[in-house]
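Each chain, written out:
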Amino acid sequence: MKRTTLFTLLLFIAALTGCRKEPMPFPNSYKNVLIIYSAAYNNLSGPLATDIEFELTQGDVPDKYSKNAVIIFSHSAPYSGPYGSGGSRYYSSSGDYETNTDPVLIRLYKDNGSVQLDTVKRYDSSFNEILPKNMNQVLLDIKTLCPSEQYGLLYTSHGSGWLPPRAQLKQNTIGMHFNGSSSNKDEMDILDFQQALPMRFNYIIFDACYMGAVEVAYQLRTNCAYFIGSATEIPDGGFDYMNLTRRVFAEGGPELKGICDDYIGISSMGGIIALVECNKLDALASDVKRLAEKYHNELYKISEDGKRTTIQRYWCSSDYKYFYDLEDIFRHVGASDTELDRLSDRIGNAVIYEAHTDVFTQGSLYLKNCCGLSMYLPSNDQSYNKVNEYYKTLDFNKLTKLVE
């Protein structure tokens, strides 16, 4: 996942150390606070810094006295850049994961028309942002500094949906912290992530791969009112940070559909995005439970028959062979038209907006039968054993009994 920019690039760390010596005091209360949690002590350090320093700052930045605020947590490994690529420039990661850097809380605002990135708190260089207790601390610090009527969260880093941590499987999960090298990593799974959230959010947006899974949305259904994620990988362009603040601080309330449209609009490789209304997920999960019970044998048999290839998949590499379209799975196991119509209605109630391109070129992935959310397609193959055991711990499976 890389980010491009047409602006003259300076080192992000230098920008942070060059912030105001005395950060501006916070107002006593806010109406809306956007929290960006950038977990980038990994090979995304440079690209994620580009998002903040050279894209987010070009948008509609709130005034210092505004009741809207942008608070950024950022932890980046030392990175190099810029380097040219055609007409664009990139921040690149230098691969230095031995030099400790201070994680920081940054307040983004305008002061007399000048954009400021004020470092309002520094954490110790040994602070690991991937540990649930540390993420919880950061969010509680923000809540104390910025008491607000509503909070929104954008989480950006690596991601692979609901999959278990790398210690159990080879895939990335949510976030990633390199300990000296890229071969020694800390990660959190969706259970860790949920545990780390100390307050309910108006929305949670994942700028991370494979997070648009029904299992992820369902796990977080009590933690947020709305959920945005992509069922497949996040292409090079990522989210549209230049228009992000304009969308989330819109006069009539956050324009979450607009954020989805912006994402698809700037994507250089295509993709898919979904906006979920979380209070409709219980009805969807209940319908999946009914279908999973009725078609239990068929769900497993389709793998044995070699027919998985006919179902709409969202994975680009076989390392992520677990993500298939929720609706298309039941279409292929023999659900009746009446059952599919009911499932489609339940999905439509929960997935209030979905957009996708015809092709996701990063993985030569054709997107034809897409409801917006992925779901696990289980298998009795021994290579799925660890995944199946972990899947049993998820709230979605506790209700649906997809894996027993």
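This is a predicted model, so every value here is computed, not measured.

The rules behind the values
- Residues numbered from 1 in each chain as written.
- Predicted model: local features only at pLDDT ≥ 70, side-chain atom pairs only at ≥ 80, totals over all residues.
- Heavy atoms only, no water.
- Pairing = 2+ DSSP bridges.
- Helix = DSSP H or I, 4+ residues; strand = E, 2+ residues; numbered from the N terminus.
- Axes fitted to C-alpha atoms, helices over the stretch in contact; angles between N-to-C directions.
- Contact = heavy atoms within 4.5 Å.
- Parallel < 35°, antiparallel > 145°, perpendicular 65-115°, else oblique.
- Left-handed = near helix turned anticlockwise from the far one by under 90°.
- Buried < 20%, exposed > 50% of the residue type's maximum accessible area, 1.4 Å probe, protein only.
- pLDDT = per-residue confidence, 0-100.
- Phe/Tyr/Trp six-rings, centres within 6.5 Å; stacked < 30°, edge-to-face > 60°.
- Lys NZ or Arg CZ within 6 Å of the ring centre and 35° of its normal.
- Salt bridge = Lys/Arg side-chain N within 4 Å of Asp/Glu carboxyl O.

Caption draft 1: Examining the sheet that holds strand β11 (residues 224-229) more closely. Strands sit in the order β6-β5-β2-β1-β7-β10-β11-β12-β14 across an open sheet of nine strands; the sheet is mixed. Edge positions in the sheet fall to β6 (114-122) and β14 (351-356), since each of these pairs with one other strand and no more. Neighbour to neighbour, the strand axes of the sheet diverge by 15° on average, direction disregarded. Pairing between strand β7 (residues 148-156) and strand β10 (residues 201-207): five bridges, direction parallel. Residue pairing in the sheet places Y155 in a bridge with F206 of β10. The strands touched by helix α2 (residues 45-55) are β1 (30-40), β2 (68-76), β6, β7 and β10; relative to β1, the strand with the most contacts, the crossing angle is about 160°.

Caption draft 2: Geometry of the packing of helix α8 (residues 281-294) against helix α11 (residues 337-350). Interaxial distance between α8 and α11 falls to 8 Å at its minimum, and their mutual angle equals 155°. The angle between the axes of α8 and α11 places the two elements in the roughly antiparallel class. Here α8 runs over α11; the crossing is left-handed. Here L281, A283, L284, D287, V288, R290, L291 and K294 of α8 come into contact with α11, specifically with E339, R342, L343, R346, I347 and A350.

Caption draft 3: Broad picture of unusual backbone geometry. Notably, N112 is not glycine yet its phi reads approximately 55°, a positive angle. By secondary structure assignment, the location of N112 is in the loop between β5 (104-111) and β6. Owing to a relative accessible area of 76%, N112 belongs among the exposed residues under this scheme. At Y210, a residue that is not glycine, the phi angle is positive and equals roughly 65°. By the element assignment, Y210 lies in the loop between β10 and α5 (214-219).

Caption draft 4: Just the confidence of the model for the protein chain, in detail. This prediction gives the protein chain a mean pLDDT of 89; 88% of its residues lie at or above 70. Counting contacts from residues 1-20, a segment whose pLDDT is below 50, to residues more than four positions away or on other chains yields 74 contacts.

Caption draft 5: Summary view of the packing of aromatic side chains. In total, this model carries 21 aromatic pairs according to the counting rule given. Three or more aromatic residues joined by ring pairs form one cluster here, namely Y37, F73, Y123, F127, Y155, F193, F206 and F227. Against the face of W315 rests R313, its NZ or CZ located 4.5 Å from the ring centre. The lysine or arginine in question, K368, covers the ring of Y366, its NZ or CZ lying 5.9 Å from the ring centre.

Caption draft 6: The arrangement of the pattern of salt bridges in detail. For the structure on display, the rule yields 14 salt bridges. One salt bridge in this structure joins D282 and R221, with 3.4 Å as the shortest N-O distance. Here R221 lies in the loop between α5 and β11 and D282 lies in helix α8, a separation of 61 residues in the sequence. Accessibility expressed as a relative area gives 39% for D282, which makes it partly exposed. R221 serves as the salt-bridge partner of D395, at 3.3 Å between the closest nitrogen and oxygen. Of this pair, D395 sits in helix α13 (residues 395-400) while R221 sits in the loop between α5 and β11; the two residues are 174 residues apart in sequence, bridging distant segments of the chain. Look at the salt bridges and you will find they share partners, linking D287, R290, K294, E339 and R342 into a network.

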